[in-house]
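Working through the structure, step by step
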Amino acid sequence: MKPTNVLTDSASISYSGRFGKWVSIVIIICISITASASNPEDRHPVDVPPQSFRGVTHSTLKQSASLNGKPSLPAVRVDQAPKIDGRLNDDVWLQAPIGGSFDQYIPKSGIPMTERTEFRVVYDDDHLYVGVWCYDAKPDRITARLMEEDFSAFSDDTIQVVIDTFHDLRNGYIFMVNPNGARRDELISNNVKRNVNWDGVWQARCRVDQEGWKVEMAIPFKTLSFNPNNSTWGFNITRSISRITERGRWTGARPEIRSSNVSEAGDITGLKGMQQGVGIEFTPYTTGRYTKSREPSDRDRSGEFGADLRYRITPNLSATLSYNTDFAETEVDQRQINLTRFPLFFPEKRAFFLEDSGIYEFGGLESGISLRSRSVFRNPLIPYFTRRIGLSDEGKIVPILTAGKLAGRVGKYNIGFTDALLEENGDLRAQNVFSGRVSRNVLEQSSVGIISTFGDPNSNDDNFLIGPDFQFRTTKFMGNRILEANAFALGSYTENADTELAQAYGGNISYPNDLVRAQLEFMEIDDDFNPSLGYVRRKGIRAYGSLWSYRPRPESIDWARQFQFTYSNQVYTELSNEIDSQQHDFYPFRVEFESSDELFFRIRRSHDSPNDDFEIIDDVVIRNGDYWWTDYGIGLDLAAYRMISGRMEVSAGDFYDGDRQQFRSSFQFLPWKHLNFILDYEYNHIDLPEDEFHTHIASFRMIWNFTPDLFWSHFLQFDNLSDSVGLNSRLQWEYLPGSRLFFVVNQGYKRENSSLRVMNSEIALKIGARYRF
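Residues numbered from 1 in each chain as written. Predicted model: local features only at pLDDT ≥ 70, side-chain atom pairs only at ≥ 80, totals over all residues. Heavy atoms only, no water.

Describing the overall build of the chain
Scanning the chain from terminus to terminus reveals 2 helices and 44 strands. Taking all contacts inside the chain whose residues are at least 6 apart in sequence as the whole, residues at least 24 apart take part in 60%. (Helix = DSSP H or I, 4+ residues; strand = E, 2+ residues; numbered from the N terminus. Contact = heavy atoms within 4.5 Å.)

In structure tokens:
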């Protein structure tokens, strides 16, 4: 049966391009990129003011080594706070010792960065202040294209400040800025998971001058969870020089170590007497809506009031209560076209559920929010998928009357509990849905835990899930290498089902290092396994997967930074061990140029044995049978620092009992720091014995950044199967730290008789304020 969330329509559009045309385009671009690979002077410059700002005198570095051999720097208490203006010319900075001595980890490893970086840390009762001097011999070549909140981490010169407030070598915060003063913040869980959707309250100002660029941060202690009796925090700083694609750190400068690996951080010491306040955060908001459908009489106006109340029970344990939870500001989903017999996956985007989501990380499985998956399978199983709450199977909103969360850490235990009361919806009664997760830290970076969910938002029957997991991680394997392993088991119970307890279990082992990356994975999921608050892509299967990659960095080839030779596979069998499908990917050639552009060639061998016929699009059926096919692809990644960056890939070959040609691209155009364009496009030409058809899906995004706190985005989408256009326009203004206004317009258009007709419209205004005590 075709999944219900597939975009389907029988429309077809003729297309004059063919595979050879796209290959020619890719080859021409590759030649141009290779020719300019060693020329950094084409990078986008930053205007430098004619005068240089008075800086602090820099003398000998005064950091020291801690007992564990990592660098340590005292943080100095001050009576008067520095002015946060990016100039770093306040005398208060003279009171603090200097930290520095940054080493590269890209492109080289373990040698000093080509440009000097120094920093100082001071604090008072209410704030931690970080000042960073990013010296640069060519300040007019500093890359600063972006200004929006949560900007791309690799497009510009950046500074990342990492803080491990509990000094547990596992969890922490990332505060990132670029020379325009754009901010990005993240939560770190267990050294690996980075929750980019967390929004903390903090200030930062940056300024470019004739010495380079400077960073001045003020992080309120009310934003952080910490033990006030702990005077030592984990601390690290990463600097990126985009025009030469160079990255370095204060400590832990190895290519396989990521900024989120707080286990590799150094220390800041001498912290005492910080004030967290009462620990109460109150966020009231009001929302007004106007909706209109195609029928003139079908209009509605509404207004709502809601609020979130957060209380810090202990320094690292918080309770949150939300009344009349509203998600008016959430961006719409990116459209997808499904040419398989399995359901699509759409990630969670609602801020209420994304906060503290790292607590629910389970068994090394993809959580739906991670920047990178630790599974070779693509979103195979998520035991707790918050998108099930407040959204029906058809993607329609089900109001959440109240919701509560308890999340944080107690000693060596990490706990998370969420409960939501859903409003009646059609034949479904009002009901509670619940999730709980508890894990305990063991060894140096490992954990053992349990997860449980209760309730079914799309049924009046009860549903229950429970299961344990073990996550192992070390950065000391064979000296200083990373080794990870995960194991989990889950059982689900559904009221009125034939099976009392259906099971799913699996595990993996991974060696994710720079020169060699390898992974083995196994998973089994019963036919009746049904986590109603989770996500399962395929049931009744055993899955086997592996990845093997050799990634040398040649010293003798000037134009190449790194080669990659990779093979990966996914093999799915039925529970009777009959092979259901498999995919084998070979990358016999992938090269990262010295310019950081990448070129690759791919060979994919696929196999599918559907037991039943299924519709690939309306009225086009793939018959049950046994199919093998091969396709070939060539692709190019343009480095993120370029004015035009992104990826394009062309592929062609067999497809079931026919053939397929595909072109995919995603480009970002950054002409000015206030303006950002993103264009995504995918084209498929499929020729089957039964029919021939084309698919087009495209999206265009324009972001106008007035300041780092005020932006207006427009998101336009089209696909030829539904023959419709969607528009999402969002204005966001953070008028005070943590307090925001949203103005959102959503419109849907249908093509009729060579013109577009408005099918539905929605206008929403949401104003929220944040008060902290």
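Quick look at a negative patch on the surface
A cluster of acidic residues, Asp619, Asp654, Asp659, Asp691 and Glu692, forms a negative patch on the protein surface. Within the fold, Asp659 resides in strand 37 (residues 658–672). Asp659 gets classed as partly exposed once you look at its relative accessible area, which sits at 31%. (Patch = residues over 30% accessible without salt bridge, like charges linked within 9 Å, V, L, I, M, F, W, Y side chains within 5 Å. Areas by Shrake-Rupley, 256 points an atom, 1.4 Å probe, with all protein chains shown as cover. Salt bridge = Lys/Arg side-chain N within 4 Å of Asp/Glu carboxyl O. Lys, Arg positive; Asp, Glu negative; His and termini not counted. Charge placed at Lys NZ, Arg CZ, Asp CG, Glu CD. Buried < 20%, exposed > 50% of the residue type's maximum accessible area, 1.4 Å probe, protein only.)

Digging into the environment of Ile525
In this fold, Ile525 is placed in strand 27 (residues 516–525). Considering only alpha carbons, one finds Ile525 and Arg542, 17 residues apart in sequence, at a separation of 6.5 Å. Among residues more than four places away in sequence, those in contact with Ile525 are Pro380, Leu381, Gln503, Ala504, Val536, Arg538, Lys539, Gly540, Ile541 and Leu575.

A short note on the pairing of strand 41 (residues 724–736)
Sheet analysis places strand 40 (residues 710–719) next to strand 41, joined by 10 bridges and oriented antiparallel. Looking at strand 41, one finds that Phe711 is bridged to Gln732. Between strand 40 and strand 41, which pair antiparallel in sequence order, lie 4 residues; one of them, Asp723, sits at a positive phi of approximately 55°. Bridge analysis of strand 41 against strand 42 (residues 739–752) gives 11 bridges, and the strand direction is antiparallel. If you follow Ser729 over to strand 42, its bridge partner there is Val745. Between strand 41 and strand 42, which pair antiparallel in sequence order, lie 2 residues; one of them, Gly738, sits at a positive phi of approximately 90°. (Pairing = 2+ DSSP bridges.)

Quick notes on the packing of aromatic side chains
This model, assessed by the stated rule, comprises 39 aromatic pairs. Geometrically, the ring pair formed by Phe221 and Trp233 is edge-to-face, given 6.1 Å between the ring centres and 80° between the ring planes. A residue pair is termed long-range when its members are at least 10 positions apart, and Phe221 in the loop between strand 12 (212–220) and strand 13 (233–241) and Trp233 in strand 13 qualify at 12 residues. In this structure, Phe221 and Trp233 share a single accessibility class: buried. Aromatic side chains Phe663 and Tyr681 sit 6.4 Å apart centroid to centroid with 45° between the ring planes, which places their arrangement in the tilted category. Residue Phe663 is found in strand 37, and its partner Tyr681 is found in strand 38 (residues 675–687); the two are separated by 18 residues along the sequence. Exposure remark for Phe663: the relative accessible area of 5% places this residue in the buried category. Pairwise contacts between aromatic rings join Phe614, Tyr627, Trp629, Phe655 and Tyr656 into one cluster. A cation over an aromatic ring shows up here: Arg116 above the ring of Tyr135, its NZ or CZ 4.1 Å from the ring centre. Directly above the ring of Phe352 sits Lys405, whose terminal nitrogen or CZ lies 4.5 Å from the centroid. (Phe/Tyr/Trp six-rings, centres within 6.5 Å; stacked < 30°, edge-to-face > 60°. Lys NZ or Arg CZ within 6 Å of the ring centre and 35° of its normal.)

A closer look at the confidence of the model for the chain
Residues of the chain with pLDDT of at least 70 account for 90%, and the chain-wide mean is 88. Here helix 1 (residues 19–35) stands out as the least confident element of the chain, with mean pLDDT 50; strand 6 (residues 127–135) is the most confident, with 98. This stretch, residues 47–60, has a pLDDT under 50; its non-local contacts, to residues over four places away or in other chains, come to 39 contacts. Low confidence marks residues 367–373, where pLDDT is under 50. Its contacts with residues over four positions away, or in another chain, come to 21 contacts. (pLDDT = per-residue confidence, 0-100.)

Brief notes about a nonpolar patch on the surface
Taken together, the side chains of Val278, Phe282, Leu309, Tyr311, Ile313, Leu321, Tyr771 and Phe773 make up a nonpolar region of the molecular surface, amounting to roughly 760 Å² of accessible area. The element that contributes the greatest number of residues to the nonpolar patch is strand 17 (residues 299–314), accounting for 3 residues. Mapping Leu309 onto the fold places it in strand 17. Among the residues examined, Leu309 registers a relative accessible area of 39% and is labelled partly exposed.

Focus on the pairing of strand 11 (residues 203–209)
When strand 11 meets strand 12, the two strands line up antiparallel, connected through 7 bridges. Of the residues in strand 12, the one forming a bridge with Arg207 is Lys214. With antiparallel pairing between neighbouring strands as the criterion, strand 11 and strand 12 make up a hairpin whose turn holds 2 residues.

Brief notes about the side chain of Arg239
Relative to the elements of secondary structure, Arg239 occurs in strand 13. Asp136 provides the closest opposite charge to the buried, salt-bridge-free Arg239, at an N-O distance of 4.1 Å. Here Tyr135 takes part through its backbone oxygen, which lies 2.9 Å from a polar atom of the side chain of Arg239. (Polar contact = N/O pair within 3.5 Å; in protein donor to acceptor, adjacent residues only side chain to side chain.)

Remarks on the state of the cysteines
A complete count under the given rule lists 0 disulfides for this structure. Free cysteine: Cys134, not disulfide-bonded; nearest cysteine sulfur from Cys206 at 8.1 Å. (Disulfide = S-S within 2.5 Å.)

A look at the sheet that holds strand 6
Strand order in the open sheet formed by 5 strands is 3-5-6-12-11, and the pairing between neighbours is mixed. Sheet topology places strand 3 (76–77) and strand 11 at the edges, where each strand pairs with a single neighbour. Summarising the sheet, strand 5 (residues 117–123) and strand 6 pair through 7 bridges and their orientation is antiparallel. In the sheet register, Val121 faces strand 6, and the bridge partner there is Val130.

What to know about the environment of Asp619
Following the sequence through the fold, Asp619 ends up in the loop between strand 33 (614–617) and strand 34 (620–622). Of the residues examined, Asp619 reaches a relative accessible area of 60% and is grouped as exposed. Sequence spacing of Asp619 and Glu690 is 71 residues, and the spatial spacing of their C-alpha atoms is 9.5 Å.

Structural notes on the side chain of Arg602
Mapping Arg602 onto the fold places it in strand 32 (residues 598–608). Residue classification places Arg602 among the buried residues on the basis of a relative accessible area of 2%. At a separation of 3.0 Å, a polar atom in the side chain of Arg602 contacts the side chain of Asp631.

Section: the nonpolar core
Ranked by internal contacts, the top residues of the largest apolar core, which has 39 residues, are Trp233 and Phe235. At the level of secondary structure, the elements contributing two or more residues to this core comprise strand 5, strand 6, strand 7 (158–164), strand 8 (172–177), strand 11, strand 12 and strand 13. Counting 32 residues, the second largest nonpolar core, distinct from the first, contains Val398, Leu422, Phe529 and Ala543. (Core = buried A, V, L, I, M, F, W, Y, C linked by side-chain atoms within 4.5 Å.)

With respect to unusual backbone geometry
Of note, the bond from Ile106 into Pro107 is cis; its omega dihedral lies within 30 degrees of zero at 5°. For Pro107, the position within the fold is in the loop between strand 4 (103–106) and strand 5. Although it is not a glycine, His167 sits at a positive phi angle of roughly 55°. Its place among the elements puts His167 in the loop between strand 7 and strand 8. For Asn324, which is not glycine, the phi torsion reads 55° and is therefore positive. With respect to the secondary-structure elements, Asn324 resides in strand 18 (residues 317–325).

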